[in-house]
Each structure stands twice: as structure tokens, then as C-alpha cells.
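Fold and geometry: a report
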Amino acid sequence: MKKILLTALVAVASLAANAQVWIGGEVGFSATKTSIDGEKFGAAANFNLLPEIGYTINDKFDIAMTIGLAHRNGNGDYYAGSNNFENFDGMLDDVNRNAFTINPYVRYKFAKTGDFTFFVDGGFSYTMIHYSHVDDNGNQWALGFKPGIAYNLTEKVSLVAHIGDLGYAFYKRGDVKSNTFDMGISNNISFGAYVSF
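These figures come from a predicted structure and were not determined experimentally.

**Focus on the overall build of the protein**
The helix and strand inventory of the protein stands at 1 helix and 8 strands. Ordered by position from the N terminus, the helices and strands of the protein form the series α-β-β-β-β-β-β-β-β. Each of the 197 residues in the protein was classed as buried or not, and the buried ones make up 33%. Here the analysis covers contacts within the protein between residues at least 6 apart in sequence; of these, 56% occur between residues at least 24 apart. As displayed, the protein offers around 12100 Å² of accessible surface, 64% of which is attributable to carbon and sulfur atoms.

See the structure below:
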């Protein structure tokens, strides 16, 4: 029994000695305005904050968690949106939206050349969306993979970009339900930064 406990303790200590904790994330802001023949038809502003914390297990794998907040201020007669984290409007008039998301994932680093590391993140997420003037909250569950690239500015600081995604999401708000399969690049590019300890 002592040998088993000692072996387990050595294994945990070895993992801890080789592991690094990192923090980082993404911040985003966007604004849109729509007019028809010079008449204002709708406008919106979006803000999102997506902090992350991760744990480097070895040269190939990290485990991490994103906990994010987003706000959308909509103002117009008609505003159509999709069911992703940045754009949870539906077709609602003058609706503000606040969203909270949690996203645990595993990062697999499959190639490295110089200061560049190529990886893919795979995980699941849950997002709760509250709309002003609407009784029912929206809920979204999603599974997906996001390829990305990291550039090491220094030994401790990295810039990271996610390029595209492959995923499935189920969204529900009251009687409204939707299923989405996404495989794209053009609208799914994001940037962030990480600091390792």
C-alpha cells in the first residue's frame, strides 16, 4: 500500500513540476448601423469579455476553461441575428441581450515551428442569454473544435488566433428551438493573448 501511495505521489509531483498555468482570453467590441434610403432602420453595439485559465499538462496537451460575458444593445424596428455567442437577437425589436457562457476544453498542440505553435481546441459550452422585454431566457449547448495558431512573443507571453470552427449547437428559448451545424472560416476568426506562470 505504501508503494502505491508513494508511486501516486511521485506521479502527481512530476505532473505538477512539468505543468504551467496560463491566463488570458479575448475582448471584443463591434457596432452596426442599418439605414434604408437615408432613414435609420436599426443599430446595435456588441461587447464581449472571454477570460481563460489553462493548465499545460505536457508538450502536446492543455486543459482550460473560458468563462465569458457578452452584452448587445439593440435599437431598431427590426434586427435579425443568429444563435451564436456574439449575436443572440432572433428578430426582436429594441432588445438588449446579456449572455453568460462557460466553455471547458482540451487543447491539442500538433505542430511547432520556431515561435509558432499550431493547435486545435475541442470542448463543449453552455450559454444562458437574458433578453430585455422577454420572459424566457435562451439556453444554448454546443460541441465543437477550433483550430488555431499561437505565436510566442516571449517565453511567458503568447498571441493566439482561432481560425474557423467545426461544431454543433442546440438553442432553446421557450417554444423556439434550433439546431445549428457550423463549419466555416470567414466569420469565425478571433484573437487573444496568454501569459504563462
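From this point, the narrative continues.
**Comments concerning the packing of aromatic side chains**
Applying the stated criterion across every chain, the model contains 6 aromatic pairs. Seen from their ring centres, Phe61 and Tyr108 are 5.2 Å apart, and the 40 degrees between their planes marks the pair as tilted. With a gap of 47 residues between them, Phe61 in strand 3 (residues 61–76) and Tyr108 in strand 4 (residues 96–113) connect regions that are remote in the sequence. Through a chain of ring-to-ring contacts, the aromatic side chains of Phe61, Tyr108 and Phe110 assemble into a single cluster.

**Let's talk about the pattern of salt bridges**
For the structure shown, the criterion picks out 2 salt bridges. Residue Asp121 pairs with Arg107 through a salt bridge whose shortest N-O separation is 2.7 Å. Taken together, the residues Asp121 in strand 5 (residues 116–131) and Arg107 in strand 4 connect sequence positions 14 residues apart. Judged by its relative accessible area of 5%, Arg107 is buried.

**Details of the pairing of strand 4**
With 14 bridges joining them, strand 4 and strand 5 adopt antiparallel strand pairing. Paired with Ala99 across the strands is Ile129, a residue of strand 5. What sits between the antiparallel neighbours strand 4 and strand 5 is a turn of 2 residues, in which Gly114 has the positive phi angle 60 degrees.

**Regarding the side chain of Glu52**
Locating Glu52 in the fold gives a position in strand 2 (residues 39–56). Buried charge without a salt bridge: Glu52, with Arg107 as the nearest opposite-charge side chain at an N-O distance of 4.5 Å. Of note is the side chain of Glu52, whose polar atom sits 2.3 Å from the side chain of Tyr105. Apart from residues no more than four positions distant in its own chain, Glu52 is found in contact with Trp22, Ile23, Gly24, Gly25, Met65, Thr66, Tyr105 and Tyr194.

**Structural notes on the environment of Asn98**
Within the element layout of this structure, Asn98 appears in strand 4. Separated by 50 residues in the primary sequence, Asn98 and Asn48 place their C-alpha atoms 9.7 Å from one another. Among residues more than four places away in sequence, those in contact with Asn98 are Ala70, His71, Met128, Ile129 and His130.

**What about a nonpolar patch on the surface?**
On the surface, a cluster of nonpolar side chains totalling about 920 Å² of accessible area is made up of Val21, Ile23, Ile53, Tyr55, Phe61, Ile63, Val106, Tyr108, Phe110, Val195 and Phe197. For the nonpolar patch, the element with the highest residue contribution is strand 4, accounting for 3 residues. Within the secondary structure, Phe197 sits in the segment after strand 8 (176–196).

**Topic: the pairing of strand 5**
Of the pairings in the sheet, the one linking strand 5 to strand 6 (residues 138–152) comprises 14 bridges and is antiparallel in character. Considered in strand 6, the bridge of Thr117 is made with Ala150. The antiparallel pairing of strand 5 with strand 6 creates a hairpin that spans 6 residues between the two strands, and His133 there sits at a positive phi of about 65 degrees.

**Notes on the side chain of Ser196**
Locating Ser196 in the fold gives a position in strand 8. By relative accessible area, Ser196 is classed as buried at 15%. If we skip the residues at most four places from it in the chain, Ser196 touches Gln20, Val21, Trp22 and Lys156.

Analysis parameters
Residues numbered from 1 in each chain as written. Predicted model: local features only at pLDDT ≥ 70, side-chain atom pairs only at ≥ 80, totals over all residues. Heavy atoms only, no water. Helix = DSSP H or I, 4+ residues; strand = E, 2+ residues; numbered from the N terminus. Buried < 20%, exposed > 50% of the residue type's maximum accessible area, 1.4 Å probe, protein only. Contact = heavy atoms within 4.5 Å. Areas by Shrake-Rupley, 256 points an atom, 1.4 Å probe, with all protein chains shown as cover. Phe/Tyr/Trp six-rings, centres within 6.5 Å; stacked < 30°, edge-to-face > 60°. Salt bridge = Lys/Arg side-chain N within 4 Å of Asp/Glu carboxyl O. Pairing = 2+ DSSP bridges. Lys, Arg positive; Asp, Glu negative; His and termini not counted. Polar contact = N/O pair within 3.5 Å; in protein donor to acceptor, adjacent residues only side chain to side chain. Patch = residues over 30% accessible without salt bridge, like charges linked within 9 Å, V, L, I, M, F, W, Y side chains within 5 Å.

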